[in-house]
Structure formats: C-alpha cells, structure tokens
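The residues making up each chain are set out below.
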Amino acid sequence: EKKDPQEKEYHNVVKEVLTSIVPVLEQHPEYKKHKILERMVEPERVVMFRVPWEDDKGEVQVNRGYRVQANSAVGTYKGGLRFHPSVTLSILKFLAFEQTFKNSLTGLPIGGAKGGSDFDPKGKSDNEVMRFCQSFMTELYRHIGSMVDTPAGDIGVGGREIGYLYGQYKRIVNSFDSAVLTGKGLGYGGSLARTEATGYGLLYFMKEMLEDNGQSLQGKTVVVSGSGNVATYAIEKAIEFGAKPVTCSDSNGYVYDPDGIDLALVKEIKQVRRGRIKEYVEKRPNAQYHEGCKGVWTVKCDIALPCATQSELDIDGVKALVANGVMAVGEGANMPTTLDATEYLLEKGVLFGPAKAANAGGVAVSALEMSQNSERLHWTFEEVDERLKGIMKNIYRNSKKNAEKYGQKGNLIAGANITAFLHVADTMIAQGIV
Ligand code: NDP
C-alpha cells in the first residue's frame, strides 16, 4: 500500500487472499523464510505501451496498452486481454494475481497474467477495431509466445478481436504459432467448447457444490447478471440442468422475465445485432426492463450468478438477495462480490462459489486449446466438455478439502486460495530465488 497507494483494487484482492492463508503460514514457516508473499505480490514483469491508431475519420487516436505477467512458477503466463475504458494498471494487477491462483487450481501448466487497454470497442467499426488490434499487437508480440505468455479474451475481446490480434502476430513473426493466443476461431486452431467453457464450468461447479450439500439445480430460480460470454452460457447450462434463469443485464440496466429468459433472443440481440439488453422487452411482453444494473439483485431467486464485472454485487445487493432467501451464489465474473458482501453471505450460511474456483473453466479449456494446438489435432466437443467437467469437480473437491484441513470448513474462498497458494508457493521454492 505504501509503494502504490492508488492501486485500491489490487490491495483488496491481495488482502482477501492473504487473510485466508494465515493458517497455512502459521503451520509452514518455510514460506515466510523464502519471502513467498513478498515475491508473489510483485508481478514478475509489467509492460505498458502506447497504442496509436487511426479512426474512420482519419484522426489519430492514442490508447494505453498493458500486460501484467504476474507469475510463471507453474507454467507459461496465461490470462485474458480486456478492452474497456475502465482498465487501469491496478485492475490488471488484481486480475493477474487472481489468475495465478485460478490457473494453478486447474491443475494444468499455466502461470498467471492479464492485459488489455482502455480502448472501448463499443461503437467502433470493424475496421477501427482491426486497426486498434493490429497496433496493440505490434507492441505486444515481443512480450508473448506459446512458450512465454499466451493471452486470451476477456471483456471487450471476443472472437473478432482475437482473430485480428492473431492475424497481426502471425504476420510479424512469420509463424503459425497458434498456441500463442486462445479463444481462436475454430478454423484456425480454436477449441470446441471454449466459447461455452466459463459459463458451463460455473454451472458444473455449482452443481457439484449444491449436490454435495444435498441440493440440486432442478426447478431453482436463478438471477444472472451480464449478457456477455459468461452470462450467456451460464444461462444455457442452467436451463439444461432444469433451473429457471429469470434475469440478465448490461451496464445500462437489467431485464426480468418471469417466464424464464429466452436465450435465443439474448443471443440474437447481443451476438448477432451487438445491441443493448433493453431491446429484449420488445419481443417479450411479460418481461420488464429496469434502468441501472445493480437492481438485478432485488429479484427474488434461489441462486445468484454475478457474471458481468468486478464489484457489481455489493452489500446492498447481498442484503436484498438474503432477504429474498437466496441459498447459493456463484461468481462467474472476476471478483464481482465486494469483500464486505462476501463476508455477509458467509455469515448468513449462503453457499458461495468464489470466482477463482467457479469460473476457472474458461482458462482450463484455453489450456486444452493449447494442448490441441501442440498436437495439431482437434478434440470433439464432448471430449473437451468431459475434461472440463472433471476439472471443475476437482477444483471443488480440492478447495473443500483444503478448507477443512486448515480449519475453515465450508469456506471455499479460503479453500481455493489455500489449494492454489500451496501449489504455487511450493513450486517457487523448488525453483530457487528467482
Ligand atoms: P463480455 O464483454 O462478453 O460481457 C460483459 C458483460 O458485463 C456485458 O453484459 C457488459 O455490459 C457487462 N458489464 C461490463 N462492464 C460492466 C459494468 N461496469 N457494470 C455493469 N455491467 C458491466 O465479458 P465476459 O462475459 O467474457 O466476462 C464477464 C466477466 O467474467 C468478467 O469479469 C471477466 O473477467 C470474467 N471472466 C470471463 C471469462 C471468459 O472466458 N470470457 C473467464 C473468466 C472470467 P455492456 O455491454 O453494457 O458493457
């Protein structure tokens, strides 16, 4: 906090993790001796760069690009690129730190990173987005590689952006090194089930958690926030598991559909038209649109799945959820629940699936995409999906086991942090002071 007082988001996440691993540090003095915490909170490398590009009017625009390479003890740096005006170094440092832990939980050989830009793809033409991506990659390419750092998509970076980024990378390095980026199109090295992986993985995790507690998804009312990649496929799998999602949102407002969300319509609005979620009510007369996305938590439900962005579920939100009898919350987005809100949910005995465990499905399938690229083979949807299920089950079980082992039974936040910390810390010690 003394070094970088302005990095509030980063301090919050570090505090959350450090608090939950105190029992581990007490039992294992070797981590203190090796200054593991001090080393973990200092990213291995941070790159910041200028991204100049020309808009359709011929005017020069300048954005800022970043790549935070947090930790490579377990494997190549890996984590998404986010294009959104809210992007700051503090947010990317927090996401990269979280990513290190999340990636370790998957059991696959991937370290932690995150990157992006304050560029806003909204309202830009395809050509503008392409020119921005090309300029961004013209600097980024020298810091990444399939054996170095393998970015993926995140908010504002979907298939279109990954395509432009990959095209420019390939052109500069003159190599079809496809494992360098994940979330690629199926025609050039993408994996089946990657698009669905985070949302599906979240539901596999929730199913495991609920069943372990004598509950099920069948017939449950689900409140989902967001209407992007994670939210869409969380809704899809929830419906498949017999639950009834009744909301979705964007940064302007939320939709409540008492008959259950019409997913085909959401896909049509968001994926085909790139429209706003309020257009949903034009075709669904029973549905209501409300301005202001945070109101979504006032809708009565059994299960809440925040799938939009960080800090979207605050203390007022969880109080409304608990007052309405929520039994489980699963984080599809990264750190969507504020610290005080999380504590409130745990106090009230609500089952809680923390982001780094519950939404690790996306990065897990990204790593499987890299495996397929290395093999120069494509696996079937079912093969990838089966592996995803297995990975999410293991994450739940390991988190539960380590929470119990270190005296925090039922606290999956602590369990996930401890599981990941032990893996990363032991690996760092094995590799010496680097
Ligand atoms: P998308 O860009 O596809 O969708 C983001 C959604 O969240 C949109 O509906 C967007 O609305 C909304 N949103 C964005 N910013 C805000 C805000 N400040 N307030 C309210 N709503 C907002 O992103 P993803 O679905 O891919 O990612 C969602 C979350 O999940 C992020 O936290 C991301 O880091 C995390 N995540 C994503 C993974 C993936 O595989 N995609 C993997 C793991 C985590 P609008 O259109 O108005 O901006």
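Computed from a predicted structure; not experimentally measured.

> Please provide a residue-by-residue account of the overall build of the chain, values included.
Check the secondary structure of the chain and you find 17 helices and 13 strands. Computed over C-alpha atoms, the radius of gyration of the chain comes to 21 Å, within 12% of the 22 Å expected from 2.2 N^0.38 for 434 residues, which places it in the range of a compact globule. Its C-alpha atoms give the chain principal-axis dimensions of roughly 60 × 55 × 45 Å. When each of the 434 residues of the chain is scored for burial, the buried share is 56%. In the chain, once contacts between residues fewer than 6 apart in sequence are set aside, the share between residues at least 24 apart is 71%.

> Tell me what's going on with the site of the ligand, and back it up with residues and numbers.
Lining the immediate surroundings of the ligand are 27 residues, of which Asp 154, Thr 198, Ser 251, Arg 276 and Asn 334 lie closest. Backbone polar atom of Asn 229 to an oxygen atom of the ligand: 2.9 Å apart, as the coordinates give it. Measuring from an oxygen atom of the ligand, one finds a side-chain N or O atom of Arg 276 at 2.5 Å. Burial of the ligand by the surrounding chains reaches 84%, relative to a free accessible area of 890 Å². Elements with a contribution of two residues or more to the shell around the ligand: helix H8 (194–212) and helix H9 (229–240). Taken together, the residues that form the shell around the ligand break down as six nonpolar, 13 polar and eight charged.

> Which residues make up the side chain of Lys 356, and what are the values?
Secondary-structure assignment places Lys 356 in helix H14 (residues 355–358). When its relative accessible area of 4% is taken as the criterion, Lys 356 is described as buried. Polar contacts involving the side chain of Lys 356 include one to the side chain of Glu 98, which spans 3.0 Å. With near-sequence residues (within four places) excluded, Lys 356 lies in contact with Glu 16, Val 17, Glu 98, Phe 101, Lys 102, Leu 105, Ala 416 and Asn 417.

> Residue-level account of the packing of helix H1 (residues 8–20) against helix H5 (residues 89–105), with values.
Running from N to C, H1 and H5 point in directions that differ by 25°, and their axes come no closer than 6 Å. The orientation of H1 relative to H5 falls into the category roughly parallel. Contacts from Lys 8, Glu 9, Tyr 10, Val 13, Val 14 and Val 17 of H1 reach H5 at Ser 90, Ile 91, Lys 93, Phe 94, Phe 97, Glu 98 and Phe 101. Its residues placed into classes, the contact of H1 with H5 shows eight nonpolar, one polar and four charged.

> Explain the sheet that holds strand S7 (residues 244–245) residue by residue, including any values.
Sheet architecture is open: five strands sit in the order S7-S6-S11-S12-S13, paired in parallel fashion. Of all the strands in the sheet, just S7 and strand S13 (351–353) have a single pairing partner and so form its edges. The sheet contact formed by strand S6 (residues 221–225) and S7 spans two bridges and is parallel. Directly across from Thr 221, in S7, lies its bridge partner Lys 244.

> I'd like a description of the sheet that holds strand S1 (residues 45–54), backed by residues and values.
Overall, mixed pairing links the five strands, which are arranged S1-S2-S4-S3-S5 in an open sheet. Single-partner strands in this sheet number two, and they are S1 and strand S5 (149–152). Neighbour-to-neighbour, the strand axes of the sheet open up by a mean angle of 20°, direction not taken into account. Summarising the sheet, strand S3 (residues 76–83) and strand S4 (residues 110–117) pair through six bridges and their orientation is parallel. Within the sheet, the bridge partner assigned to Leu 81 lies in S4 and is Gly 115.

> Give me the lowdown on the packing of aromatic side chains, citing residues and values where you can.
The geometry of an aromatic ring pair is captured by two quantities: the separation of the ring centres and the angle between the planes. A full pass over the atoms with the stated rule returns 17 aromatic pairs. Aromatic pair Tyr 166 and Phe 176: ring centres 5.5 Å apart, planes at 80°, arrangement edge-to-face. With Tyr 166 in helix H7 (residues 159–173) and Phe 176 in the loop between H7 and H8, this residue pair connects regions lying 10 residues apart in the sequence. Where Phe 205 meets Tyr 396, the ring centres are 5.6 Å apart and the plane angle is 80°; that geometry is what we call edge-to-face. Of this pair, Phe 205 sits in helix H8 while Tyr 396 is found in helix H16 (residues 381–405), placing the two residues 191 residues apart along the sequence. Tyr 396 carries the same exposure label as Phe 205, and that label is buried.

> I'd love a proper account of the packing of helix H6 (residues 126–140) against H7, names of residues and values included.
Relative to each other, H6 and H7 sit at 45°, their axes nearing to 8 Å. Taken together, the axis directions place H6 and H7 in an arrangement best described as oblique. For the pair H6 and H7, the crossing hand works out as right-handed. Listed contacts from H7 to Asp 126, Val 129, Met 130, Cys 133, Gln 134, Phe 136, Met 137 and Thr 138 of H6 are Arg 160, Glu 161, Tyr 164, Leu 165, Gln 168, Tyr 169 and Ile 172. Across the contact of H6 with H7, the residue classes break down as nine nonpolar, three polar and three charged.

> Before we move on, can you summarise the pairing of S4 with the specific residues and values?
With eight of eight residues buried, S4 lies mostly within the body of the structure. Note: strand S2 (residues 60–71) against S4, six bridges, orientation antiparallel. Among the inter-strand pairings, Asn 71 is bridged to a residue of S4, identified as Gly 112. The β-α-β motif built from S3, the intervening H5 and the parallel element S4 has right-handed crossover chirality.

> I'd like a description of the pattern of salt bridges, backed by residues and values.
Under the definition given, this model contains 26 salt bridges. Residue Arg 273 is joined to Glu 268 by a salt bridge in which the shortest nitrogen-to-oxygen separation is 3.0 Å. Here Asp 314 makes a salt bridge to Lys 294, at a shortest N to O gap of 3.5 Å. With Asp 314 in the loop between strand S11 (303–306) and helix H12 (315–323) and Lys 294 in the loop between strand S10 (288–291) and S11, this residue pair connects regions lying 20 residues apart in the sequence. Its relative accessible area of 43% is what places Lys 294 among the partly exposed residues. The structure contains a network of salt bridges with shared partners spanning Asp 4, Glu 7 and Lys 93.

The rules behind each value
Residue numbers run consecutively from 1 along every chain, following the written order of its sequence. Under the rules for a predicted model, residues below a pLDDT of 70 receive no local features and side-chain atom pairs below 80 are neither given nor counted, while totals for whole chains, interfaces and linings still include all residues. Excluding hydrogens and water, the side-chain figures rest on all heavy atoms present in the structure. In this description a helix means any DSSP run of H or I spanning at least four residues, a strand means any run of E spanning at least two, and both kinds are numbered starting from the N terminus. All radius of gyration figures rest on C-alpha atoms, and the globule criterion is 2.2 Å times the number of residues raised to 0.38. Only protein chains enter the accessibility calculation, which uses a 1.4 Å probe; a residue whose area is less than 20% of its type maximum is buried, one above 50% is exposed, and one in between is partly exposed. Contact definition: two residues touch when any of their heavy atoms are within 4.5 Å. Nearness is judged by heavy atoms alone; a residue qualifies as near a molecule or strand once a single heavy atom is within 4 Å of it. Polar contact criterion, stated in full: a pair of N or O atoms within 3.5 Å, where within protein one must be able to donate a hydrogen and the other to accept it, and residues adjacent in sequence count only if both atoms are side-chain atoms. Accessible surface is estimated by sampling points in the Shrake-Rupley manner with a 1.4 Å probe; for residues, cover comes only from the protein chains shown. Throughout, the ten residues Ala, Val, Leu, Ile, Met, Phe, Trp, Tyr, Cys and Pro are labelled nonpolar, Asp, Glu, Lys and Arg are labelled charged, and all others, Gly among them, are labelled polar. Between N-to-C directions, angles cover 0 to 180 degrees, with each direction set by a line fitted to C-alpha atoms, over the stretch in contact for helices. Between 65 and 115 degrees an angle is taken as roughly perpendicular, under 35 as roughly parallel, over 145 as roughly antiparallel, and anywhere else as oblique. In this analysis, strands are considered paired if DSSP registers two or more bridges between them. Two aromatic rings from Phe, Tyr or Trp, using only the six-membered ring of Trp, form a pair when their centres are within 6.5 Å; if the ring planes differ by under 30 degrees the pair is stacked, by over 60 it is edge-to-face, and anything between is tilted. By the definition used in this description, the sense in which the near helix is turned from the far one sets the handedness, with an anticlockwise turn below a right angle giving left-handed and a clockwise turn giving right-handed. The handedness rule is simple: strands pointing away from the viewer, and a clockwise path from the first strand over the helix to the second, make the crossover right-handed. By definition, a salt bridge exists where a carboxyl oxygen of Asp or Glu is found within 4 Å of a side-chain nitrogen of Lys or Arg.

Taken by themselves, the reported measurements are silent on function.
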